[in-house]
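These are the residues of each chain, in order.
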Amino acid sequence: MTRSHVARRVAASAIVLVLVPVVARAQRGGFPPAPQSPRLAAPIDLTGYWVSLVTEDWRYRVATPPKGDYNSVPLNPAGRKAADAWDPARDEAAGEQCKAYGVGGVMRLPGRLHVVWLDDRTLTIETDAGTQVRTLRFGPAPTGVSDWQGNSQASWDRMEGAMGAGLLFGGGGFGVGNTGGGSLKVVTKGMKPGHLRKNGVPYSADAVITEYFDRFDLAGGDALLVVSTEVVDPTYLAQPFWTSTHFKKQRDATGWKPTPCTAR
Amino acid sequence: MIPHTTRTRRHAVTVVVGLFVLATIDVRGQAPTPAPSPGFDLSGYWSPVLHEDGMDRGAGPEIGDYGGIPINEAGRLFALSYDPSRLTLRHHQCDGYVAPYQMRALGNARAWEERDPKTHRLIAIHWFSQTFEGKRTIWMDGRPHPPAYAPHSWMGFSTGRFVGNALEVQTTHLKQGWYRRNGTPESDQATLVEFFVRHGDRLTHTVVVTDPVYLEEPLVTTTDFYRQPTDHQNWLFPCDDGEQVLGRAPDDVPSYLFGQNPFVKEYRTKYKLAAVGHLGGAASGQPEIVSTLAAAGDDPSLERPSRNAPATSKAAPVEPTDGNIHILPVRGNVYLLVGDEGNIVVQVGSEGVFVVDTGSGARAAKTLAAIRTLSDKPVQFIANTSFLPDRTGGNEVLRKAGADLSVRGTFFSLQFRDAGVGATIMAHQNVQNRLNAAKRPADALPTDTFLEERRRTFHNDDAIEMLWQPNAVTDGDSLVHFRRADVIATGNIFTTTQYPFIDVAHGGTVEGEIKALNQILERTVFEHQGQGGTLVVPGHGYLSDEHEVVEYRDMVVIVRDRIRALAQSGATLEQVKAARPTADYDTRYGATTGPWTTDMFVEAVYRTVRR
């Protein structure tokens, strides 16, 4: 066998190695199809009613803690000063009873969520606690009037993307197949300043809140929604504030009871 | 030489065939559907984020803070009875954390993969926690979970798989521990389903705990970790049980009588939280608890057992039900045989087989066959830990099948023609007396008895001691300690399946039972963080170590203390039963039917504490 023959065989083998994952992927559904709408491309179904399971930070969530009780929250001196100055009467007088129901706090409040697609590119989360509506838009970063829930940009965070694999290797590389799993990533900015906890633990209008929504299916048909939240706030926090909050899927709207915001 | 064009065609065919063949299989060499998740790499250094339950996980929770934990009545009462001073007991000083708590504990963690060196397939993921040096192994190779009679550990036995974007882990075989460090109990029947999800340098761990003994519904918690770039080189958590409280009685287990925990009211008052919430329960974690708390008043009745009917054990059965005898290697040349309604211990070696207890005898032939798979030597010795039928039922069959060659050809054999014919049965003299009284066949009776504290023999290169435990379950109980293997067979003094069968009519007492359990603990040495080391074979139930014995001892002492207090206050037996002094243990050990009910146990304790 001549060198050219060897080279040709090596080249042929290389083609096989490069194409096999592509072909294999094609058999499982072909090349990535034309871009779908976020709704059709959803790797997980978050829609429906979810009820919070308050098994953590219980005392801080089921009742309004005493002023100045901000254990576990990495406040900086300005944050502590603001928390120590909390005055619910002042909030009520100013019509700002919903400070604890803003995007930085509402997911931690005991209550239920109702998640629905508003259209193919917009997911909404209604909360019965405080009767709030969060609007999560896929695509370019939204802008608009600043309110308690701010402007939320959504995207699907798929594992294959996280792995950094390229098209050449079938989207997964050798030994890495497609997954079907993924998370909803939501980045929120431009919200009105609010409270991380009902007792006035603050976040500012400069805060950036990043959330990952994950769904876990359990035996017996139950499902959990876990929302992992990071609050970065150069004004009031000494470091990012991380929480993870969990909800259980409900079959229907049982228990759905919209209530107004309260400052106390 | 093959023409060039032919070679070219051959290359082309090679490529096409190669593509065709390879394209029909999955790139991982597995069946093409369903496509498993690729998984992700958990390896690295991880630090827990303490922005939730910071006090609980750091300095420690307050007594009475059970809010949000869906504990049932038994769990609530256990927690209310818990006195943190219990941790000063020698055998609790090094208690480790159970997995669901360990994942929320302080301290850093390190994860790494174990792969087959040739195929590079993932065998296991290891997770090491700094606090208490908790080491978890998550088996990824599809191996099954161990049988119900296998040992439990702080971390349990875990298997995993990648599903979607998560590592899903199933865990069984956990030890008894806590959900919070204030005594909120986790039972050894708890099982876990966990999900690890990684978002860049953030790891979110979700655990769903199902605990039929202490939870009304599954407990869900979520915990965050962030990735550390470097090794902080601080991984050890040494512990020994060197602290001593001088003068404390060996049967002193700190606890509060029902309704007498002084710190619960303190917590309630401090935070203005109603008992219906802060004492936990499934409803306390639901959104409606907000309005409930606002309307509820103080309700101290939750600090005492309800008037409900006694609960029964929710523990999974350990005894196999397939009619076969199952063998579990214990250590060295010692094995556990299960399946004949009572655990049997077998030691094998060149001198012959040494058997501790013979089960009910219903499957004695199968027991014998199982022994034959371990040794072709005759059964030389049988040690009975008690006269009870589940300890001696197979005596006759096993004795007849054995032989004690050590007495053949001796002066002894000149006196007795049948010397050494059949195995020698060793037991305390009271066992022989009881079996004689029960008119059991001669071949079922002990032939080598002792009266004082100890019978000892060196057999198969091991020192074996039989230690009489006066007036425990009966008046003839013994522990059998294989000192080299460091395995203790306890007979019915200790089980993982029921309240101790204190047979008052045959000499059993609760005080003797407590002394016997403490005697076991005098002989055990844990390997690391309160687990492993000396192995303990219960009369019924799963292979244990000292931790299971400690929890069992605590239970017997605490129940004894409650019943004694009631008796001293003049309560009648019926009043004692109505007070439900075992209410926090009934979901683990209770029975309302069968040969040994909760009422029988309470009565046995009541009768003996009044003496």
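This is a predicted model, so every value here is computed, not measured.

Rules and cut-offs
- Residues numbered from 1 in each chain as written.
- Chains lettered and ligands numbered in written order.
- Predicted model: local features only at pLDDT ≥ 70, side-chain atom pairs only at ≥ 80, totals over all residues.
- Heavy atoms only, no water.
- Disulfide = S-S within 2.5 Å.
- Helix = DSSP H or I, 4+ residues; strand = E, 2+ residues; numbered from the N terminus.
- Buried < 20%, exposed > 50% of the residue type's maximum accessible area, 1.4 Å probe, protein only.
- Pairing = 2+ DSSP bridges.
- Axes fitted to C-alpha atoms, helices over the stretch in contact; angles between N-to-C directions.
- Contact = heavy atoms within 4.5 Å.
- Expected span 1.5 Å × (residues − 1).
- Arc of directions from axis to C-beta.
- Polar contact = N/O pair within 3.5 Å; in protein donor to acceptor, adjacent residues only side chain to side chain.

A. Molecular detail of the state of the cysteines. Under the counting rule described, the total for this entry stands at 2 disulfides over all chains. For Cys98 of chain A, the disulfide goes to Cys261 of chain A, at an S-S distance of 1.9 Å. Across the disulfide from Cys98 of chain A to Cys261 of chain A, rotation about the S-S bond amounts to roughly 95°, and the bridge is consequently right-handed. Taken together, the residues Cys98 of chain A in the loop between α4 (88–93) and β2 (112–119) and Cys261 of chain A in the segment after β11 (241–250) connect sequence positions 163 residues apart. The exposure class assigned to Cys98 of chain A is buried, which follows from its relative accessible area of 16%. Here Cys94 of chain B is linked by a disulfide to Cys239 of chain B, with a sulfur-sulfur distance of 2.0 Å.

B. Just the sheet that holds strand β12 (residues 326–331) of chain B, in detail. All names here are of chain B. In space, the 7 strands of this open sheet follow the order β12-β13-β14-β15-β16-β17-β18, with mixed pairing throughout. Strands at the two margins of the open sheet, each flanked by one partner only, are β12 and β18 (448–450). Between one strand and the next, the sheet's axes are offset by a mean angle of 20°, whatever the strand orientation. The sheet contact formed by strand β14 (residues 344–347) and strand β15 (residues 353–356) spans 3 bridges and is antiparallel. Counted as the bridge partner of Gln347 is Phe354 from β15. Helix-sheet contacts for helix α8 (residues 364–374) involve β12, β13 (334–338), β14, β15 and β16 (379–383), and the interaxial angle to β13 is about 155°. On the sheet, helix α12 (residues 429–437) packs against β17 (424–428) and β18 and is oriented at approximately 105° with respect to β17.

C. Quick peek at helix α17 (residues 598–609) of chain B. All names here are of chain B. Across its 12 residues, α17 extends 17 Å between first and last C-alpha, which sits within 8% of the 16 Å expected from 1.5 Å per residue. All of the buried residues along α17 are Thr598, Phe601, Val602, Ala604, Val605, Tyr606, Thr608 and Val609. Residues of α17 that are buried sit in contact with α13 (510–523), α14 (546–568), α15 (573–578) and α16 (586–589).

D. Here's a closer look at the pairing of β14 of chain B. Residues and elements named next belong to chain B. Neither face of β14 is left uncovered, since the one carrying Ile344 and Val346 and the one carrying Val345 and Gln347 both have all their residues buried. Relative to β14, β13 runs antiparallel, the two being bridged by 4 bridges. Its bridge partner lying in β14, Tyr335 is registered against Val346. In this structure, the hairpin formed by β13 and β14 is closed by a connection of 5 residues, where Gly339 is found at a positive phi of approximately 135°.

E. Summary view of unusual backbone geometry. All names here are of chain B. Phi at Glu133 is positive, roughly 50°, even though this residue is not glycine. Its place among the elements puts Glu133 in the loop between β3 (122–129) and β4 (134–139). The phi torsion at Glu341 lies on the positive side, around 60°, for a residue other than glycine. Judged by relative accessible area, Glu341 falls into the partly exposed class, the value being 41%.

F. Region of interest: the sheet that holds strand β5 (residues 157–163) of chain B. Residues and elements named next belong to chain B. Ordered by their spatial adjacency, 9 strands build a closed barrel running β1-β2-β3-β4-β5-β6-β9-β10-β11, and the pairing between neighbours is mixed. Neighbour-to-neighbour, the strand axes of the sheet open up by a mean angle of 30°, direction not taken into account. Strand direction decides the pairing type here: β5 and strand β6 (residues 166–172), joined by 7 bridges, are antiparallel. Each residue of the ladder has a partner; that of Phe162, found in β6, is Leu167.

G. Representation of helix α5 (residues 262–271) of chain B in the model. By the burial criterion, the buried members of α5 of chain B are Val264, Tyr267, Arg268 and Tyr271 of chain B. Taken around the axis of α5 of chain B, the buried residues stretch over an arc of 95°, which confines them to a single face. Of the exposed residues in α5 of chain B, those oriented more than 90 degrees away from the buried face are Thr269 and Lys270 of chain B. Contacts made by the buried residues of α5 of chain B are with α2 (58–62) of chain A together with α3 (73–81) and α6 (275–278) of chain B. Where α5 of chain B begins, one side-chain oxygen reaches toward the backbone nitrogen of Phe263 of chain B, 3.0 Å away; that side chain belongs to Asn261 of chain B.

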